[in-house]
Amino acid sequence: MTEQKNQHILLTSRPKGMPSMENFTFEDIEIPEPQNGQVLLKTLYLSVDPYMRGRMNDTKSYVPPFELNQPVSGGIVAEVVQSRSGEFEEGDLVIGNLPWALYTTAGEQEVRKLDPELAPITTNLGILGMPGLTAYFGLLDIGNPQEGETVVVSGAAGAVGSTVGQIAKIKGARVVGIAGSEEKVNYLKNELGFDAVVNYREAGNIRQALKEACPDGVDVYFDNVGGEISDAVISLLNKYARIPLCGQISLYNLEKQDVGPRIQGQLLINSALIKGFIVSNYASQFGEGAKQLGQWLQEGKLKYEENVVEGFENTIDAFLGLFKGENLGKQLVKVAEPSQS
Ligand SMILES: NC(=O)c1ccc[n+]([C@@H]2O[C@H](COP(=O)([O-])OP(=O)(O)OC[C@H]3O[C@@H](n4cnc5c(N)ncnc54)[C@H](OP(=O)(O)O)[C@@H]3O)[C@@H](O)[C@H]2O)c1
C-alpha cells in the first residue's frame, strides 16, 4: 500500500452563509494501519448531502456539528483492501458513515457489506439508501397520499424529491413537482410521469403558477426547500392536508433568520398537519423500506438519476453544487474504481 497516497478533507473554518473552498483543507496523510477487528478501506463513491451544511454550524441539532480541523464525514461506499476482521475479506464492498478520505480504517460495526449483484453499488447512497428511505417514510407515514389526491413536492428533481413524486404516483395521486430548470421540468414530466411541474425560477408569480397546476388544491405537500416556495404551496392547502417537513434547503445558507408569513392560521382553518421528521426516526423499519424500494426498482415502477462528479479533488464543488441546483437526481463523487473492475 505504501506507494499509494492518502488525503482527507478537513473543515477548517465554519462557513458564514454559502460555504466556499476556504472553509476546507485537503491534507496529505499516511495510510492508516488497521488494528485487530478493523478493515482498511479505499473510498469508491462518496455522497454529498444538504444536511451536511447544518453540521458545519456550531449549533445544536439532531446530529452534533462537525468538529473544526477534523475530517468531514458522510455516506461512503468503499472497498476492503486489507482485513484484520473475521467478518470481511479483501475485495468486499461496504457502506458506512466515514470520513472524506481516500483511505480510512473502520471497525466491523461501522460498515455493512453490500451485494453488488442486487443493485448498482451507488444506489445504496441514493434511491435504496438514505434519500430513498427519507422519501418513502416521510411520504407514506406522514403524507399518507390517497388515490386522486394532489401531492406537491418541492426540490422535485433531487434525490429525495424525485423518489417522493414517483411513490405518490404509485399510490395513485396526482403529482405536481417544483424544480429550478427546464431540463428538470422535462425530466420530471417526460421520464417520471409527473402530472405538472412548476419551474420556480421562471414562474414569476409562483403562487399563481401553482394554483394553475393544482386546480383542486393541495392535499399533501412534501417540503424539501422551505422559504417562499413553501409559503406559496401552503396558501393552497385543502382541508385535512398533510405536510411532511423534510428539509429547508433555501434557508441553510442564510446569514439572518428569515421571517415569512405566519402559517398557523392556514393550518388551523384547514385542520392541516405539519410534521418534521428525520429519516433515522424510522431506523427500525429501514429493512422493510429498502425491500419495497428495491422491488419497485426491479419492477420498473421507480427510476433514478445520479449526477456523478469524478475525482476526490472535486468533492467541495459537488457539495456546493447542491445549493446551485447543479444536480439532477442524487449527487455523488466518484473517488476510485473498484480493484476488481
Ligand atoms: N429529514 C431528513 O431526514 C432528510 C433526509 C435527507 C434529505 N433531507 C432534506 O431533503 C432535501 C432534499 O435533499 P436531497 O438530498 O434530495 O438533495 P437534492 O434535492 O438532491 O439536491 C438539492 C436540490 O435543492 C434545490 N435547491 C437548492 N437551493 C434551493 C433554493 N434556494 N430554493 C429551492 N430549491 C433549492 C436544487 O434543485 P433546483 O434546481 O430545483 O433548485 C438542488 O438540486 C434537503 O432539504 C435535505 O436537507 C432531509
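Within every chain, residues take consecutive numbers counted from 1 along the sequence as written. pLDDT decides what is reported in this predicted model: residues at 70 or higher carry local features, side-chain atom pairs at 80 or more are listed and counted, and totals for whole chains, interfaces and linings draw on all residues regardless. To obtain the side-chain values, all non-hydrogen atoms of the structure were included, while hydrogens and water were left out.

- As recorded by an unreviewed UniProt entry, the chain carries the name NADP-dependent oxidoreductase and is attributed to Fictibacillus enclensis.

## Looking at the site of the ligand
Logical step 1: Any residue with a heavy atom positioned within 4 Å of a molecule or strand is treated as near that molecule or strand. The immediate surroundings of the ligand are formed by 28 residues, with K184, Y200, Y252, V279 and N327 found nearest.
Logical step 2: Within 3.5 Å is the distance limit for a polar contact, defined as a pair of N or O atoms, with the added protein rule that one can donate a hydrogen and the other accept it, and that residues adjacent in sequence qualify only through two side-chain atoms. In this structure, an oxygen atom belonging to the ligand sits 2.9 Å away from a main-chain N or O atom of G180.
Logical step 3: The Shrake-Rupley method, run with a 1.4 Å probe, gives the accessible areas here. Residue values count only the displayed protein chains as cover. Taking 900 Å² as the accessible area of the ligand by itself, protein coverage stands at 92%.
Logical step 4: A run of H or I in DSSP becomes a helix once it reaches four residues, and a run of E becomes a strand once it reaches two; helices and strands are each numbered from the N terminus. Residue assignment for the shell around the ligand shows that the elements contributing at least two residues are α2 (130-143) and α3 (159-170).
Logical step 5: When residues are sorted by character, Ala, Val, Leu, Ile, Met, Phe, Trp, Tyr, Cys and Pro go into the nonpolar class, Asp, Glu, Lys and Arg into the charged class, and all the rest, Gly among them, into the polar class. Among the residues forming the shell around the ligand, the class breakdown is 16 nonpolar, ten polar and two charged.
Logical step 6: Per-domain counts for the shell around the ligand show at least three residues from each of domain 1 (6-126 + 304-334) and domain 2 (130-282 + 290-296). An automatic or database domain assignment supplies the residue ranges for each domain.

## A short note on the domain arrangement of the chain
Logical step 1: When the domains of the chain are assigned, the result is domain 1 (6-126 + 304-334) and domain 2 (130-282 + 290-296).
Logical step 2: Domain 1 and domain 2 are separated by 28 Å when their C-alpha centres are compared.
Logical step 3: Contacts were defined at the residue level, with two residues in contact if any of their heavy atoms lie within 4.5 Å. Counting residues at the interface gives 22 residues for domain 1, matched by 15 residues for domain 2.
Logical step 4: Surface buried jointly by domain 1 and domain 2 totals about 1400 Å² across both partners, of which 60% is contributed by carbon and sulfur atoms.
Logical step 5: Joining two parts hides part of their accessible area as seen by a 1.4 Å probe, and the buried area is that hidden amount summed over both. Considering only the surface of domain 1 that becomes buried against domain 2, G17, Y62 and L328 emerge as the three largest contributors, covering 29% of it.
Logical step 6: Within this document, salt bridges are pairs made up of a side-chain nitrogen of Lys or Arg and a carboxyl oxygen of Asp or Glu, the two lying within 4 Å of each other. For the interface between domain 1 and domain 2, the tally reads zero salt bridges.
Logical step 7: Across the domain 1-domain 2 interface, the total number found is five residue pairs in polar contact (both at pLDDT 80 or more).
Logical step 8: Within the side of domain 1 that touches domain 2, the residues separate by chemical class into ten nonpolar, six polar and six charged.

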